[in-house]
Every structure is written in C-alpha cells, then in structure tokens.
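Here is what each chain is made of, one letter per residue.
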There are 2 protein chains.
Amino acid sequence: MIILEGGLEQVNGFTYSALECGIRYTGRLDYCLIASELLCNAAGAFTTNMVSAAPVKLCRARVGGPVRGILINATNANACTGDQGFRTAEILTSDIARRLGVSPEAVLMASTGIIGRQLPLDKMMQAHPDLVAGLSRDGGRLIPRAIMTTDTIPKETCVSFQAAGREYRIAGTAKGSGMIAPNMATLLCFIVTDAPLRREDLAALFGKTIGTTLNAITIDGDMSTNDTALILSPRSDTPLAKKEDLAAFEEALRVVLTRLSEMLIDDGEGTTKRVRITVKNAKSDHDASRIARAVSQSLLVKTAFFGNDPNWGRIAAAAGYSGAEINERTLSVLFDDMPLLVNGAPVEFDREALVGIMKKNIFEVVVDIGLGTCGHSILTTDISFDYVRINAEYST
Amino acid sequence: MIILEGGLEQVNGFTYSALECGIRYTGRLDYCLIASELLCNAAGAFTTNMVSAAPVKLCRARVGGPVRGILINATNANACTGDQGFRTAEILTSDIARRLGVSPEAVLMASTGIIGRQLPLDKMMQAHPDLVAGLSRDGGRLIPRAIMTTDTIPKETCVSFQAAGREYRIAGTAKGSGMIAPNMATLLCFIVTDAPLRREDLAALFGKTIGTTLNAITIDGDMSTNDTALILSPRSDTPLAKKEDLAAFEEALRVVLTRLSEMLIDDGEGTTKRVRITVKNAKSDHDASRIARAVSQSLLVKTAFFGNDPNWGRIAAAAGYSGAEINERTLSVLFDDMPLLVNGAPVEFDREALVGIMKKNIFEVVVDIGLGTCGHSILTTDISFDYVRINAEYST
C-alpha cells in the first residue's frame, strides 16, 4: 500500500465540479457535484441525531440503490426546515439526475452550514447547467475546498493498493468539526474508489472501519444533524470477493479514514493538542466506549489538556460518571507510559516529565479499568480560548 | 415564610468553628466544624460518581444514624486516595467525636479540593483542640467562607416559617462549581434547622426538593467525586408530623435550596448568564430530564449564550441527540415567549428583540416536544473565555 499525493482526482472513473453559487456568501465555492462514470454501489454512515437534516433523510432512503452522483452544498445545513426542506433536496437532486441522464434516485445529497434556513432553490437550480457542464476529473481538486465551512485546511488523501493482481485506489475528502457560528458543525466525508465491491461487502467494511476512525474522534461532543460519510464503488460483474482482496481493501480504507480523522482533529476549532484516550480492560465493549467518550468529552479534562495541567483526578472522575462499571480499587491512569493512579491510589511521579509529555501536543492517556478485557480508543482535543471565541460569534 | 438576613447563625441549637489549618495553602480558612447541641436526624444526597471521595463513603455509612456534627475541609478532596484516605477520614472524625463526647459514628465529613492527594493528617489533628474550643453560634458566619474553593462570593441564606403554632428556621450554606485548577469542582451544601422531623420525613422531603434545585443546575456537566448535601434536624419526641406542618417545612426548604442554587449558578466560573432550560410535553419524565440535560450541557449552546447568538438550531440538535424520543414535526423552541421553531419548521422572528432577550442575562429557553405531558427544568450558564482560563491553569 502506498500513500499518493493528491486526492479524489487520483481515482479512475469519477468526475467533479464546484462553483460559487452564492448560497449564503459570495466569493466562495459552496456548491459541488461528484459524478461517477459507472453505476456505483454506495454505503453511508449518518448522524444518529433524532433531528436530522433533509439530505440525510434523502441519503438514507437512496443509499441502498445504484448511485451515480453526490450533490453537496456548504453554508446551509437544510436542517429543521420541515417538509419544504425535504422537497427542495428532492427537486435539486432530480434536476441533476435529469441532466446526468440517470434515474432521480441515483443522486445523493449532503449539506452543511447553518440550521433552520431554507436553501435558495432558484439560485441553486440556475447553477445546475454550469455545475454539470463543468464536470472533469481534475475538478476533484476543488471538492475539499468547496465543502469547507470553518475548516482552515482542505482535507484529502489517496492510497494505492494491490488486489486480484492489479492496482486499485481509494481517495477521500472530509470537512470537519468547525462549529464556528454562523455554521453548525457537520462532519462530511466522501470516499471514492475504483475497486469494485459487492454492496454488502462495501457496507460491512465501511461500517467497521468508520467505528475506529470517524466515529472515534470528538472535538466538543455535540452531535450534528448533518453528519454524513459516503463511499462509492463501481458495480462490476467481477467484484473483489476473495478474503485477501477484501482485507487489502479494508487496510487501505482504514488508512484513508485514519488520515482524514487525524486531519479533522488537528484542524478542530481552536485546538492545540491531539490526545488519544485509550481505555483498557473494561468489562464490556460498551463500557469501554462509554468511558472513552466521557473522558474525551469532559470539559474539565479538555481545559486541563489546554493548560498542560496533569490533573489526572478529572480523568478518574469522568470515568466514574460514565455510567460504566468501575471499581476504584482496580482503576489506573497513565499518561503515555507514566503511571499516575495505580489501583485507585495515587503514585509519586516526575511532574516535570509529565508536563513534558503534555507539551508534546500529541500524547496518549491510558485508563486501565482492571475489570475485564475490552478496550476502546478515541482521539480528542483540548478546548482553548479560540474555541469559545469562534463559537460565541453572532449567527447574524 | 420570611427570608432573614444572615445564615447558619440564625438557627437555634447549632455551633460552629473555622480556622486556618494550612491544609494546602496558608492564610485562608480551610477547616471547619458544625456541631449540634442535640442528637440530630440527618439526610444526605451524594455524588452518583462510581469514583467517590473517602468522606462521601463515610457519610453514606453514617447518615442514617444519630448525628452530632459535620467536619469539613477545603483545598483537598480526599478522593482517589485509596484505603489510606478512608482511614484518615475515620481518624479525624473519631478524634472530633471524642472531643465532643459523642459516639464516633455521630460525626460526618465532607471534603473539597484537589483529587489524588492524601490529607495532612498530623497537621489536621493538631488543629482539633482549637477547632472544638472555638465552637460558637456566631461562628456560623465563618462557614460559608471556610468551605469555598474557587467561589468568589460566600453563599448563605436563612428562612423563617410557621408550623405547629410556632416559628422555626432553616438555614444553609453551599460552595459551588468553581472548577478552577488546582481544585476539582465539588458542590457542598449544608443545611441546619431547628424544626424536628422524623428521619424518614426529613429524607423524603430533602430528596424531593433537591431534585428540582441542587440536582437541576449545571455549569459544565462534569460530575464530581465529592458532591455532598447534608441536612440536620434535631431529634424530638414530638416531631412535626402533620401534613400542613410538613408542607410548610418543605416550602421553606425549597426556598433555601432554590436561593442557594441560584447563587451557585450566578457564581459559576466565568459565567455571565443564568438560563433556565424548560422542557415541556415530553413523553416521559425521563425523556424530559434527558433533553433538559443535553441542551443545558451542550458546549455549542452554551458558547452561543455567551455570544448572545440566537443559534436555536444548536438547541434542536442537542434535543435530537439526547437519547429521548423526539419527533421533528412536533418540536418547537422558544426564547422566553418568542417562538423560533414551531413544529419542526423555522418561523420568522424579530432578530433584534431576540438578541435583546439574550442580553438580559437571565432568560428562559423552552423546548416543547409535543409528544406527551412531562416536563423538566434545569438552570444552566454560558461558557466564557474565563471558564477556559480558570480551568486551564496549572494544578502545580
């Protein structure tokens, strides 16, 4: 497996287009299209929020069928927009499908931006001729920038891997957890590959790899209404199906998603640190996940990270309120390899060395529960002044 | 019912003492004692954190028996201190009990401060003669200050009420959600009354009123290892037992706890606003509580409050991920009386009037679920630059 320069444009079989539609602001790319030359199988992962955006509802209904394109807009989430918002998404994707000469259900949609405003339907429809006419393979270079809201850096990656005696590629782009007002945080991620997989294999491997990558990062714990991750793989009469080929695909996909996840964390609003919270020896997978989430989302833990403050008591406290089974007498906390709490009792440690670990800006916190064999790991960030500044700004 | 000036010292039958023991810092009151002249019934509410401090474990074991005193220290939480920490709490309370001439189990303990350090046992034992010798009714004035960690204002209140043909009083003090490093947030609250109640009535009424007061406030959602609320009521052969007398007691207790809760919120670290999150028409009490908690703890919601940003989409999103049953088509959000989202669709509103509501610094957000008849209300705050500054400081 090789990591290549560039992103979406490195994969055969897809074309792209992006333009300045002026959906909410002028002078920025805010409307784009991914189109595939062949019918694709698709798999998706979506927000579990009970309040979900219109395009999420539309994707859920369509992702199981044949797919030829994904229509994406930034700056407006089309969430909390009622029936009108859903109809708008239907009209927009139907029109794109007609222009591409494919069935209406073959176009998916994703949106990111402010909640509670209707999309400017007319303005977007007027952009469709240019959007479709502009499709090109090289247009893939524009997609990472067109989907950004508060991200400061476009995010893309591509890997090459061998399967069934030839080279395939997987490329992806993502936009992150920039929750700056006026925009609501929405994680969007789009993956394309020229490796043909059966739909059930694609869905299984996508779900599995997302669990430890995109679903294992947190910046502020606020789950959005729009989170959408989609992967497209061309339909074929001879899909990759051998165990070793699927394993090669899975490994490459995991690298793509891991790299995008790390880019998202590093570009989180106002963040200065990337911290891996690793829970070990919990009684169940569910417990391990709950503990990792509680620690990685604790405001007190995250502000301590920001201040290089080795206040490990806050980590023990967060584990304690996670809802998971904890026994204080078997609870231990380590920063990298340095033990601070061992079986419920504090141990002497070298404070300077500990502050040194925190100042590295990339480190690991290990929470050893000592009650079982299950583990879970989450990438988190600190919370800085800038996070508050960014998110306190007016939406008006 | 009348609200009186002052606090603990307004209630007959209790004496108090506080001194500078130098537990962690010099030059501040950090060790204090509440003693009752009569044997008391006690009731308590404690953190539900699986990691709980030694004094919490000690209180849980003793609160059902006769009580004569509460020993309290600030600046060190005696949490995550293993068996040694528990033994220290036992030794300290036994020594105080001996000096008071009461049984060892009759003295409770509460601690607040940094997690993971052993208390300085010898230094504290040496302070005991002065602590007991200093007991006086007027010493009650010192307790609110002695229990503070990062609170900026001592908190106390006292009310007078009529029951069974005479006047009784309930007074209380609390220390709050100051989570400044080097101290872990711990909510401590101590209530004394000269009204005699049976232990079961005391426990029932204390639990009931706490549910809508101390247990319905949040600053950063981090549950501490030390939260402790205790009430002492003298034992008597003729306790208040008539329905109307217990109702009068309950009303007075609710006023005391409500006032202390508001003082805690208003003195929350770096907070500039007090916002009541009121959930209406949820399907169950549990759902109502989960929604109120999710909204009141959302970082995005709280930073928007700080910035006077009427970004109501964040509120709908938090309700959506609360885990409660939500139907977008019946979901509405109001700021005070101004509707912003009605049955899942955004409505036109006067943006200037809305910002005006938020700038009042005390306002209400109503989340109407439209699926049932259950409600819950939580007082919350914004999150400001100062919160981050305070909590990012070194614990060293």
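The written sequence of each chain sets the order in which its residues are numbered from 1. Throughout, the order in which chains and ligands are written sets their labels, letters from A for the former and numbers from 1 for the latter. Where totals are concerned, whole chains, interfaces and linings use all residues; where local detail is concerned, this predicted model gives features only for residues with pLDDT of at least 70, and gives and counts side-chain atom pairs only at 80 or more.

1. Comments concerning the overall build of chain A
Phase 1 of the analysis: Per the convention used, a helix needs a DSSP run of H or I reaching at least four residues, while a strand needs a run of E reaching at least two, with both numbered from the N terminus. Looking only at helices and strands, chain A features eleven helices and 15 strands.
Phase 2 of the analysis: Seen through its principal axes, chain A has C-alpha atoms that stretch 70 × 55 × 35 Å.
Phase 3 of the analysis: Within the span of chain A, comprising 396 residues, buried residues form 59% of the whole.
Phase 4 of the analysis: If you take every contact in chain A between residues at least 6 apart in sequence, the share linking residues at least 24 apart comes to 80%. Residues with at least 20 other C-beta atoms within 10 Å of their own are called buried, those with 12 or fewer are called exposed, and the rest are partly exposed. The C-beta atoms themselves are positioned from the backbone. We call two residues in contact whenever the C-beta atoms placed from their backbones are within 7 Å.

2. Section: the pairing of strand 3 (residues 31-46) of chain B
Regular strands show a simple pattern: their side chains alternate between the two faces of the sheet.
All names here are of chain B.
Phase 1 of the analysis: Summarising burial for strand 3: twelve of the 16 residues are buried, a large majority.
Phase 2 of the analysis: DSSP-based pairing: two strands are paired if at least 2 bridges between them are found. Relative to strand 3, strand 2 (residues 14-19) runs antiparallel, the two being bridged by six bridges. When the sheet's bridge partners are listed, Tyr-16 is paired in strand 3 with Ile-34.
Phase 3 of the analysis: Examined bridge by bridge, strand 3 and strand 4 (residues 67-73) share six bridges and lie antiparallel to one another. The partner of Leu-33 across the bridge, within strand 4, is Leu-71.
Phase 4 of the analysis: As judged from the seven bridges shared by strand 3 and strand 9 (residues 228-234), these two strands associate in the antiparallel manner. Each residue of the ladder has a partner; that of Gly-44, found in strand 9, is Leu-230.

3. A word on the domain arrangement of chain A
You'll often see interface size given as the accessible area lost when the parts meet.
Phase 1 of the analysis: Domain delimitation in this document rests on an assignment produced automatically or drawn from a domain database. When cut into domains, chain A gives domain 1 (2-266) and domain 2 (274-392).
Phase 2 of the analysis: On a C-alpha basis, the centres of domain 1 of chain A and domain 2 of chain A stand 33 Å from each other.

4. Overview of the pairing of strand 6 (residues 155-163) of chain B
Residue and element names in this part refer to chain B.
Phase 1 of the analysis: Alignment of strand 1 (residues 2-4) against strand 6, held across three bridges, turns out to be antiparallel. For Ile-3, the partnering residue across the bridge sits in strand 6 and is Val-159.
Phase 2 of the analysis: Summarising the sheet, strand 6 and strand 7 (residues 166-175) pair through nine bridges and their orientation is antiparallel. Residue Ala-163 lies in a different strand from strand 7, and its bridge partner there is Arg-166.
Phase 3 of the analysis: Counting the residues in the hairpin turn of strand 6 and strand 7 gives two residues, including Ala-164, whose phi is positive at 50°.

5. Focus: unusual backbone geometry
With the exception of glycine, the majority of residues adopt a negative phi angle, and the majority of peptide bonds are in the trans configuration.
Residue and element names in this part refer to chain B.
Phase 1 of the analysis: Even without being a glycine, Ala-164 presents a positive backbone phi close to 50°.
Phase 2 of the analysis: Position of Ala-164 among the secondary structure elements: in the loop between strand 6 and strand 7.
Phase 3 of the analysis: Of note, the phi angle at Asn-343 is positive, near 50°, even though the residue is not glycine.
Phase 4 of the analysis: Note on placement: Asn-343 falls in the loop between strand 12 (338-342) and strand 13 (345-346).

6. Focus on the packing of helix 2 (residues 82-100) of chain A against helix 3 (residues 121-133) of chain A
All names here are of chain A.
Phase 1 of the analysis: Fitted lines through C-alpha atoms give the axes, limited to the stretch in contact for helices. The angle between two N-to-C directions lies from 0 to 180 degrees. Two numbers describe how helix 2 lies on helix 3: the axes approach to 10 Å, and their chain directions differ by 20°. Relative to helix 3, the element helix 2 lies roughly parallel. You can see that helix 2 and helix 3 cross each other, and the crossing is right-handed. Along the contact surface, helix 2 presents Thr-88, Ile-91, Leu-92, Asp-95, Ile-96, Arg-99 and Leu-100, while helix 3 presents Leu-121, Met-124, Met-125, His-128 and Val-132. Note on angle classes: values under 35 degrees are labelled roughly parallel, values over 145 roughly antiparallel, values of 65 to 115 roughly perpendicular, and the remainder oblique. Note on convention: near helix rotated counterclockwise from far helix by under a right angle means a left-handed crossing. Clockwise means right-handed.

7. Details of the packing of helix 7 (residues 285-297) of chain B against helix 9 (residues 313-320) of chain B
Residues and elements named next belong to chain B.
Phase 1 of the analysis: Viewed as axis vectors pointing N to C, helix 7 and helix 9 meet at an angle of 135°, and their least axial separation amounts to 8 Å. The angle between helix 7 and helix 9 places the two elements in the oblique class. Crossing angle aside, the handedness with which helix 7 passes helix 9 is right-handed. In contact with Ile-291, Ala-294 and Val-295 of helix 7, helix 9 contributes Ile-315, Ala-318 and Ala-319.
Phase 2 of the analysis: For the contact of helix 7 with helix 9, a count of residues per class yields six nonpolar, no polar and no charged. Under the scheme applied, nonpolar residues are Ala, Val, Leu, Ile, Met, Phe, Trp, Tyr, Cys and Pro; charged residues are Asp, Glu, Lys and Arg; polar residues are all the others, including Gly.

8. Concerning the sheet that holds strand 15 (residues 374-381) of chain A
The strands making up a sheet are joined through hydrogen bonds of the backbone, oriented either antiparallel or parallel.
Residue and element names in this part refer to chain A.
Phase 1 of the analysis: One open sheet holds the six strands; their spatial order is 13-12-11-14-10-15, and the pairing between them is mixed. The open sheet has two edge strands, strand 13 (345-346) and strand 15, and neither has a second partner.
Phase 2 of the analysis: With three bridges joining them, strand 11 (residues 332-335) and strand 12 (residues 338-342) adopt antiparallel strand pairing. Counterpart to Leu-334 in the pairing with strand 12 is Pro-339.

9. Here's the deal with the environment of Gly-6 of chain A
Phase 1 of the analysis: The topology assignment puts Gly-6 of chain A in the loop between strand 1 (2-4) and strand 2 (14-19).
Phase 2 of the analysis: Spatially, the C-alpha atom of Gly-6 of chain A lies 8.6 Å from that of Ala-171 of chain A, the residues being 165 residues apart in sequence.

10. Examining the sheet that holds strand 12 of chain B
Residue and element names in this part refer to chain B.
Phase 1 of the analysis: Spatially, six strands are ordered 13-12-11-14-10-15 in an open sheet, and the strand pairing comes out mixed. Looking at the sheet topology across the chains shown, the edges are occupied by strand 13 and strand 15 (374-381).
Phase 2 of the analysis: Of the strands in this sheet, strand 11 (332-335), strand 12 and strand 14 (362-368) touch helix 9, which is tilted by about 50° from strand 14.

11. As for the environment of Pro-144 of chain B
All names here are of chain B.
Phase 1 of the analysis: Inspection of the secondary structure puts Pro-144 in helix 4 (residues 143-146).
Phase 2 of the analysis: C-alpha separation for the pair Pro-144 and Cys-32, spaced 112 residues apart in sequence, amounts to 10.0 Å.
Phase 3 of the analysis: If sequence neighbours within four positions are ignored, Pro-144 has contacts with Gly-7, Pro-154, Lys-155, Glu-156 and Thr-173.

12. What about helix 5 (residues 199-211) of chain A?
All names here are of chain A.
Phase 1 of the analysis: In this scheme, a helix's expected span is set at 1.5 Å multiplied by one less than its residue total. Over its 13 residues, helix 5 runs 18 Å from end to end, which matches the ideal 18 Å to within 8%, given 1.5 Å per residue.
Phase 2 of the analysis: Turning to helix 5, its buried residues are Asp-201, Leu-202, Leu-205, Phe-206, Thr-209 and Ile-210. Angularly, the buried residues of helix 5 cover 145° about the axis, an arc narrow enough to put them on a single face.
Phase 3 of the analysis: Buried residues belonging to helix 5 abut strand 3 (31-46), strand 9 (228-234) and helix 6 (243-266). The arc in question is the one spanned by the directions pointing from the helix axis to the C-beta atoms.

13. Topic: the confidence of the model for chain A
Predicted coordinates in areas of low pLDDT are best not read in detail.
Residue and element names in this part refer to chain A.
Phase 1 of the analysis: As a per-residue measure, pLDDT reflects the predictor's confidence and takes values from 0 up to 100. A residue-level look at chain A finds 95% of positions with pLDDT of 70 or above and a mean pLDDT of 91.
Phase 2 of the analysis: Low confidence marks residues 179-185, where pLDDT is under 50. Its contacts with residues over four positions away, or in another chain, come to 41 contacts.
Phase 3 of the analysis: For this predicted complex, the interface score ipTM comes out at 0.77, alongside a pTM of 0.80.

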